[in-house]
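If you want the building blocks of each chain, they are given just below.
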Amino acid sequence: MPVVESRCVVPVDVETAFAISQTTGEIRKRWDPFIRRQYFMHGATSPAKGVHTYTVQRFGFRMESEYVSYKPPSNVGMKMTKGSWFFERLGGGWRFNAVDDRPGHTLAVWRYNFSCQPKWLAPLAERIGAVVLQHDIDRRIRGFARGCEDPIVLAAVAESRP
């Protein structure tokens, strides 16, 4: 199963980095180039283990996913439950760790794994998919890094905290 990973160091503490990663609506769209539309399903109003989301990607691909882990501020994981016909499986995890020698900075590591179908096409589709998904994840984490310096995103996260 192919795995793609992207990482960056952002100039905010772990709690803030995690909170930015979980923003929704217009604030999320300020930094996340992947999402055209995203919302919680089945009456959920916030992320948690077991919560389902519906996402429309910037090119129009649609996916339903489920949070399989949600452990603020260190990590979050998801798996696709319904999606594009060519993915047999898709899962991802985002981890956030303090950078030891840089107080107030966080290392964000985003890792995805997937498999494609039909089986006869999977070897080629997965090689192509790894290149395309790596490009998308790199672009997305760069957007996240910009969001960690965006005063509007930072203000929205600060305002949402108790």
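This text follows the structure it describes.
> Got a sec to walk through the pairing of strand β7 (residues 106–116)? Specific residues and values, please.
Extensive coverage of β7 is indicated by the burial of eight of its eleven residues. Examined bridge by bridge, strand β6 (residues 87–98) and β7 share eleven bridges and lie antiparallel to one another. Within the sheet, the bridge partner assigned to Gly91 lies in β7 and is Asn113.

> Provide a residue-level description of the pairing of strand β3 (residues 52–57), including the pertinent values.
Residues in a regular strand project their side chains so that they alternate between the two faces of the sheet. Burial runs high along β3: five of the six residues are buried. Judged from the five bridges that link them, strand β2 (residues 35–40) and β3 form a sheet pairing that is antiparallel. Of the residues in β3, the one forming a bridge with Tyr39 is Tyr54. By the bridge criterion, five bridges tie β3 to strand β4 (residues 62–71) in an arrangement that is antiparallel. Following the sheet pairing, His52 is matched in β4 by Glu66. Taken together, β3 and the strand that follows it, β4, pair antiparallel across an intervening segment of four residues, in which Gly60 is found at a positive phi of about 100°.

> Got a sec to walk through unusual backbone geometry? Specific residues and values, please.
Cis peptide bonds are those with omega within 30 degrees of zero, and the linkage from Pro72 to Pro73 qualifies with -5°. Within the secondary structure layout, Pro73 lies in the loop between β4 and β5 (75–82). Here the residue pair Gln117 and Pro118 is connected by a cis peptide bond, since its omega of -5° sits within 30 degrees of zero. For Pro118, the position within the fold is in the loop between β7 and α3 (122–147). For His42, which is not glycine, the phi torsion reads 55° and is therefore positive. Relative to the helices and strands, His42 is located in the loop between β2 and β3.

About the criteria used
- Residues numbered from 1 in each chain as written.
- Predicted model: local features only at pLDDT ≥ 70, side-chain atom pairs only at ≥ 80, totals over all residues.
- Heavy atoms only, no water.
- Buried < 20%, exposed > 50% of the residue type's maximum accessible area, 1.4 Å probe, protein only.
- Helix = DSSP H or I, 4+ residues; strand = E, 2+ residues; numbered from the N terminus.
- Pairing = 2+ DSSP bridges.

It is worth stressing that arrangement in space is one thing and function is another; only the former is reported here.
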